[in-house]
Amino acid sequence: MTRKDPSLLLTSILSTIARFAGVGLNFVVAITLTRTLPMDEAGMVFMLMTLVTGVSLFSRMGVEQWLVRDVARIQETATDQQGMHLRAAYRLVLVSSGVFMLGWLVFAPLSQHWLFDDAIRMPPLLLAGGGILFFNLVMLNSSFLKAIRHTSESILVQNSLPAVAYMLLILAFWPVFRENQHYLLLYTASLLLAGVASFHWLRPWWHCLHPTQSGHFSVRDVLAQSLPLAPVSFFSFLMLWADTLLTGLLLNNADVALFTVAARLSFVSLFFLGALDATIYPRLLKIHKHQPEQLARFFWQATGLVAGVLGAVTLLLLLLGDTLLAVFKPEYVQAGGTLAILLAAQLARALSLTFSFMFIIQEQVRHLNIMLGMALVVNIIANLLLIPAYGIEGAASATLVANLALTSGVAALFFKNHLLGKHDGVL
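Residues numbered from 1 in each chain as written. Predicted model: local features only at pLDDT ≥ 70, side-chain atom pairs only at ≥ 80, totals over all residues. Heavy atoms only, no water.

Asks: What is the right way to look at the overall build of the protein in this model?
Replies: Each helix and strand in the protein was counted, giving 16 helices and 0 strands. Its C-alpha atoms give the protein principal-axis dimensions of roughly 60 × 45 × 35 Å. The buried share of the protein, taken over its 427 residues, is 57%. Long-range pairs, those at least 24 residues apart, make up 83% of the contacts in the protein between residues at least 6 apart in sequence. If you sum the accessible surface of the protein, you get close to 17500 Å²; carbon and sulfur atoms cover 69% of it. With 25 positive and 21 negative side-chain charges, the protein shows a separation of 9 Å between the mean positions of the two kinds. (Helix = DSSP H or I, 4+ residues; strand = E, 2+ residues; numbered from the N terminus. Buried < 20%, exposed > 50% of the residue type's maximum accessible area, 1.4 Å probe, protein only. Contact = heavy atoms within 4.5 Å. Areas by Shrake-Rupley, 256 points an atom, 1.4 Å probe, with all protein chains shown as cover. Lys, Arg positive; Asp, Glu negative; His and termini not counted. Charge placed at Lys NZ, Arg CZ, Asp CG, Glu CD.)

As structure tokens, then:
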């Protein structure tokens, strides 16, 4: 007998609690860095984190979206099929991570000069490239847990595990933490530790990873299916990633620190959005496959839940903005205007969540990718125009403009294509 799913609201509450734990741990790490390091050095750590997570995202080629989409449709008892998908995802990520790690080594001298103002030492910068693979393992294992509806565990692995690993290493090496840029080396070591530890939650599937069962996916097969989904994975991170990189390119390390702290506070709303994503998307896939008559009702229920939760979180963060910035250091309060703009941008982005899911489910990803690509172009152009004139507030404004363009476009195309009326997923 198939177990009954808990209510959407209850699952969302549990996911949000797990996500909030991750938020707290990540803020402990960020506050530790800003309180113990000069602003320019904190900016270097934040830039390195942005680079590693961004390059890791690109190297996954959308495979986590493919993994969630396909595994969520498999019966819960078919663990061999689930394991076959997971093994195929590992193979692609091992190959693609290796390619991007080589690229990291090649471009390290350029990034040292343009993004770090020649202040970072080359050894920790080169070693950080190894973090690409280990961060990808964390993300793949988290995505698999999300697909099999182990939502809270998925969120804890993705958000809490890297932060816990970094904090443990900081405590273990506290006497030398600030010397010779050891804080950068410890960041890379924390990704290695988190990547290995993330396999603990997949113990029941270890036996399914051996290539003894029939059927398999080649790397080319997985790439062909995952690559069209890659922009969906990229976009939620890509614009803020571009903002941070262009801030580092056009401004100094201290400005990077200010912008990154404001961005991290705005990420609180994204953490809540991620909890809702992990709850809503697998269930939308299941309902579309097995109970299409309930799809419209669930879609609007989920859309209302996203708007209500993210609206409340945005308002609360706006009211507490200066107080939260002062926790990092009083100097960071000057990023208050940037934080307010970024929070508005995140809310605009959140309102497109469920609409975007329907493009994936109805196999109209091409249309969604066009909208994502157009929004990214808008973001980059706006950054180049606004950062020189308005500094970090210009970078935040670029994100707001692009997110408004994206949400408006996705919603308009959703209604034009009548996506809720297509239950069979056929174009």
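So, next bit.
Asks: Just to check I follow, could you spell out the nonpolar core for this structure?
Replies: Across soluble globular proteins, nonpolar side chains show a tendency to be buried alongside one another. Judged by nonpolar contacts, the single largest core of 70 residues is most densely connected at L33, W104, F116 and Y166. With 12 residues, helix α2 (residues 39–59) is the largest single contributor of residues to this core. The contact partners of Y166, leaving out residues within four places of it in the chain, are V29, L33, V45, M49, F177, Y183, L186, Y187 and S190. With 63 residues, the next largest nonpolar core counts A147, L161, F359 and F414 among its residues. (Core = buried A, V, L, I, M, F, W, Y, C linked by side-chain atoms within 4.5 Å.)

Asks: Sorry if this is basic, but what is going on with the environment of T244 here?
Replies: With respect to the secondary-structure elements, T244 resides in helix α10 (residues 230–250). Taking relative accessible area as the criterion, T244 reaches 6% and is therefore assigned buried. Sequence spacing of T244 and F259 is 15 residues, and the spatial spacing of their C-alpha atoms is 7.3 Å. Residues within four places of T244 in sequence aside, it is in contact with M47, T50, V256, F259 and T260.

Asks: Would you explain helix α13 (residues 336–350) in this entry?
Replies: In an α-helix, one turn spans 3.6 residues, which is why side chains three or four residues apart end up on the same side. The end-to-end C-alpha distance of α13, which contains 15 residues, comes to 21 Å, matching closely the 21 Å that a straight helix rising 1.5 Å per residue would cover. In terms of residue burial, α13 counts as a mostly covered element, since 11 of its 15 residues are buried. Every buried residue of α13 is accounted for by G336, T338, L339, I341, L342, L343, A345, Q346, A348, R349 and A350. (Expected span 1.5 Å × (residues − 1).)

Asks: Is there a simple way to think about the packing of aromatic side chains in this case?
Replies: Two aromatic rings, taken as a pair, are described by how far apart their centres are and by the angle between their planes. Tallied over the full model, the rule gives 16 aromatic pairs. Centroid distance W300 to F415: 6.3 Å. Interplanar angle 15°. Geometry classified as stacked. In this pair, W300 sits in helix α12 (residues 295–328) while F415 sits in helix α16 (residues 392–416), placing the two residues 115 residues apart along the sequence. Judged by its relative accessible area of 40%, W300 falls in the partly exposed class. (Phe/Tyr/Trp six-rings, centres within 6.5 Å; stacked < 30°, edge-to-face > 60°.)

Asks: For this particular structure, what's the right way to read the side chain of S56?
Replies: By the secondary structure assignment, S56 is in helix α2. If we ignore the near neighbours within four places in the chain, the residues touching S56 are G131, I132, F135 and N136.

Asks: Could you clarify how one ought to interpret the packing of helix α11 (residues 253–290) against helix α14 (residues 353–361) in this entry?
Replies: Helix-helix packing is described using two parameters, namely the angle between the two axes and the distance between the axes. Where α11 contacts α14, the two axes come as close as 11 Å, and the packing angle between them is 35°. Here the hand of the crossing between α11 and α14 comes out right-handed. Between α11 and α14, the residues in contact are L273, D277, I280, Y281, L284, L285 and H288 and L353, T354, F357, M358, I360 and I361, respectively. In the contact of α11 with α14, the residues fall into 10 nonpolar, 2 polar and 1 charged. (Axes fitted to C-alpha atoms, helices over the stretch in contact; angles between N-to-C directions. Left-handed = near helix turned anticlockwise from the far one by under 90°. Nonpolar A, V, L, I, M, F, W, Y, C, P; charged D, E, K, R; others polar.)

Asks: When you look at the confidence of the model for the protein in this model, what are you seeing that I'm missing?
Replies: Reading fine detail from the predicted coordinates is not recommended where pLDDT is low. When pLDDT is averaged across the protein, the result is 87; 91% of the residues are at 70 or more. Mean pLDDT in the protein bottoms out at helix α1 (residues 8–36), which sits at 76, and peaks at helix α8 (residues 182–197), which reaches 97. Every residue in residues 422–427 is under pLDDT 50, and counting partners more than four places away or in other chains gives 16 contacts. (pLDDT = per-residue confidence, 0-100.)

Asks: How do you make sense of the pattern of salt bridges when you look at a structure like this?
Replies: It is possible for side chains bearing opposite charge to pair when their charged atoms get close. By the definition in use, this model includes 2 salt bridges. The salt bridge involving E64 is made with R60; its shortest N-O contact spans 3.4 Å. The class of E64 is buried, set by a relative accessible area of 9%. Judged by relative accessible area, which is 3%, R60 ranks as buried. Put simply, D70 and R69 hold a salt bridge, and the shortest N to O gap is 2.8 Å. By relative accessible area, D70 is classed as buried at 15%. (Salt bridge = Lys/Arg side-chain N within 4 Å of Asp/Glu carboxyl O.)

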